[in-house]
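Examining the three-dimensional arrangement
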Amino acid sequence: MATRIVAAPGKIRSKNNSLVWLSAASLVVFFIIWYGLVESGIISKALLSPPAEVLTTFISKFSNRAPDGATLGAHFKTSLTLALTGYITAVVVGAPLGLLMGWYKKVDSIVKPIFEVIRPIPPIAWIPLAILWFGIGLPAKAFIIWLSAFVPSVINSYAGIKLTEPVLINMSRTFGATNWETFLRVGVPSALAMVFTGLRLSLSSAWMTLVAAELLAATEGLGYMIQMGRTLARPDVIIVGMLTIGLTGAAMAFILERFEGKLAPWRRS
Amino acid sequence: MNAKASPAEIFSRFLPLTSLLLIIIVWQFAATGGYFGKSLPSPVAVVNQFVDMLAEPVGKTILGGHIWASMRRVLTAFAVAVLIGIPMGLLMGWNKKAEAIIKPIFEIFRPIPPIAWIPLAILWFGIEETPKVFICFIGAFIPAVMNAYTGIRFTDPLLLDAARSQGANLRQLFKEVAVPSALPAIFAGLQNGLSLCWMCVLAAEMVGAEEGVGYLILRGMDMSNPAMIITGMLIIGAVGALIAVGLRYVERWVCPWKREISM
Amino acid sequence: MEARNIDVKSEISCQHLYKSFPGMDGNVTEVLKDVNLSVAKNEFLVILGPGQCGKTTLLNIMAGLDSSDSGEILLNDVPVSGPNPNLGLVFQRMALMPWKTVMGNVSMGLKFRGVSKKEREEKARYFINLVGLSGFEKSYPYQLSGGMKQRVGIARAYCSDPEVLLMDEPFGALDAQTRYMMEEEILRIWEKAKRTVVFVTNNIEEAIYLGDRIVLLSRCPATVKAVYPIDLARPRQFTDSRFLEVRQKIADNTDLAL
């Protein structure tokens, strides 16, 4: 049994080559099992495509509109535009609102109760109402995605600014800062970490909700693509779509993390 | 709270209630005023709808039946996810070889939102119970593994040293130190997983089901009955909040040493 | 408990210890350089050294939690090669298990050794009582003050019945008032249940107040600079003229950074 506790923390972090090889081997075995299950017929090709076929489909989908009516790039662009539009507008409203809610008691007691009613309702549950209100088009989806990003960005900014050290607030007051100045110079920077947590959660929430919305009502987009893959019984298309969704989500999270490092350099991850 | 409160204090204490009441009143007038046509039901209509659904079936069953149908799927999936996910996460966090083997494969699946599994799940399992439970399983499984894993990895080395100096062997270090110190993180993962589960069951039921709360709101949409949708949404929110509170009680019971941390 | 008398035979000793750590920039930081010391049975030895001079490393090596690059620790003439039930450790940061009650924390060593619940609770209760925490058996660490937590730490170290107690700046995290009180307490406990004690501190008064002997370490890399036997009668007074004399003598010879 190899465990990390034998070495004191952080002292011995020599790169362990055998572990890297183990990881590589594990991935290889994973793909071999996948390949074997499909090629041997244990799992029908109608249900799961072998890895090579997924790769071929992935490459051909860059230029091929079949079978779902658009190239991978077009689906990707539709989804990304929608998600980012909803996300950015939500965050721009949500984070400041959360900060204000956490700082000003009056705003808090007015907004919070309404918020507490809306908060536990998953954004997906808004889909039927949104479709009923706005029809199947873009506004309905935009609304749902906006809502899904809005809620976490408010909650985390709110919690973040509530945790501001009272010492820092008092320090600022003794230097003669007004409440508004203290809010801007002390409250907001010290809440920044939590604000960013909110931004990250909002992003993954928006991305997931987008998929759900596109599954239910869309004519283009990655969610639509995997839904079509199911209708046409094309597991390769579904898997390509899923992997694209996963990769895009991971990439966006990564970019946001980089951005956070730039904006709040005093924080160490 | 002191006995004597100034009018201003009393006012601010009732401000939250006032704000809710105000919203409901505005909502009522907006709905009955006819500015939104039929698309916005009044609060009274929502309450009536709720009372109706308690006894009158929508589709196959009454409101309670729909809630139970969704709960059953969520709880089944959640139980399986916890039983597999937590041991797997603990193993990954404790044993470097296990980590090297499991983590790369896990990392392929981790960023894929559980909802994106719906088409594949339907392709594989049809449209009966299995695909819904499967989607919920994915929703709960990933946070269960991740939090058990990070929980173990962030065990305070000082505590491990303390236990070693007291003569603990590897197995005892794991059982007596690493696992208990990971428990708060594990519970955070369960909390997260359960709310994801609840969201997934909705999505799965909306894509195709004959009972469950997701079916209920979609049915409301098909019937152009916004009162039914809003009732459904409020129920979904309430049940989600209740299961979160329930889990918090379980946590307080399992981890009595944890100091209260508000919000 | 049986009273043990000071035995001239050395119980634990360090022989030519060397230790260095690889630094961030690839350089190697030498922490211990030829450290030699020996402690007699039931002696209260204080290791006094400036902050960051490798005292904790030295104690961790003595406790068998860490290993030296060269040299060895002898416990009753047998080399120490890992954690040993005969070596009890008290940590500066208490290191109590937050999920265990006072009883659970104190009796954990016995639990690890497979002692029955009844027996270990009986023994733990004796030491909880000894450190003055009767009535708090069922409390969790978060419900205790800093001084009380460290009492639990001391009782825990005692409860495994070690021959040697290693204490790593046990009162370093306490406020001054509590610290004075705990200094008196540790002597009271030690008088009642004599063990060999190696007590690490960076506080010169604490060292003189407590120690039978003081080993003065140099700045990094740590090496033994001088050894002072303290032949003042206990209880010692901080304002006593001979106390101050010793204090002056040691202070003149230290690299204690202020």
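The structure under discussion appears in the preceding block.
In this report, the structure presented in the accompanying data block is examined. The model shown is predicted, which means the values in this text are computed figures rather than measured ones.

Conventions adopted
- Residues numbered from 1 in each chain as written.
- Chains lettered and ligands numbered in written order.
- Predicted model: local features only at pLDDT ≥ 70, side-chain atom pairs only at ≥ 80, totals over all residues.
- Heavy atoms only, no water.
- Helix = DSSP H or I, 4+ residues; strand = E, 2+ residues; numbered from the N terminus.
- Buried < 20%, exposed > 50% of the residue type's maximum accessible area, 1.4 Å probe, protein only.
- Contact = heavy atoms within 4.5 Å.
- Areas by Shrake-Rupley, 256 points an atom, 1.4 Å probe, with all protein chains shown as cover.
- Lys, Arg positive; Asp, Glu negative; His and termini not counted.
- Charge placed at Lys NZ, Arg CZ, Asp CG, Glu CD.
- Buried area = accessible area lost by both parts, 1.4 Å probe.
- Salt bridge = Lys/Arg side-chain N within 4 Å of Asp/Glu carboxyl O.
- Nonpolar A, V, L, I, M, F, W, Y, C, P; charged D, E, K, R; others polar.
- Pairing = 2+ DSSP bridges.
- Axes fitted to C-alpha atoms, helices over the stretch in contact; angles between N-to-C directions.

Looking only at helices and strands, chain B features ten helices and zero strands. Its C-alpha atoms give chain B principal-axis dimensions of roughly 75 × 65 × 30 Å. Taking all 263 residues of chain B together, 53% fall into the buried category. Excluding contacts between residues fewer than 6 apart, the proportion of contacts in chain B whose partners are at least 24 apart in sequence is 67%. Summed over all atoms, the accessible surface of chain B reaches about 12200 Å², with 69% contributed by carbon and sulfur. Chain B carries 20 positive and 16 negative side-chain charges, and their two centres are separated by 7 Å.

Moving on to the interface of chain C and chain B. Facing 23 residues of chain C, the contacting portion of chain B comprises 19 residues. Both faces combined, the contact of chain C with chain B buries some 2000 Å², and carbon together with sulfur accounts for 63% of it. Per-residue buried area on chain C facing chain B is highest for W99, F112 and Y142 of chain C; these three make up 37% of the total on that side. Residue K100 of chain C is joined to E176 of chain B by a salt bridge in which the shortest nitrogen-to-oxygen separation is 2.6 Å. Counting only elements with at least two residues in the side of chain C that touches chain B, the list comes to β6 (87-90), α3 (108-112) and α5 (146-159) of chain C. With four residues, the top contributor of residues to the side of chain C that touches chain B is α3 of chain C. A class-by-class count of the residues in the side of chain C that touches chain B yields 15 nonpolar, four polar and four charged.

Below, the discussion takes up the side chain of N225 of chain B. Inspection of the secondary structure assignment puts N225 of chain B in the loop between α9 (213-222) and α10 (226-254). Setting aside anything within four residues of it in sequence, one finds N225 of chain B in contact with Q49 and G220 of chain B.

All names here are of chain C. The strand order across the open sheet formed by six strands is β6-β7-β8-β3-β9-β10, and the pairing between neighbours is mixed. The open sheet has two edge strands with one neighbour each: β6 and β10 (224-229). Between one strand and the next, the sheet's axes are offset by a mean angle of 15 degrees, whatever the strand orientation. Two elements, strand β7 (residues 164-168) and strand β8 (residues 196-201), share five bridges in a ladder whose sense is parallel. Residue pairing for β8: L165 is matched across the bridge by V197.

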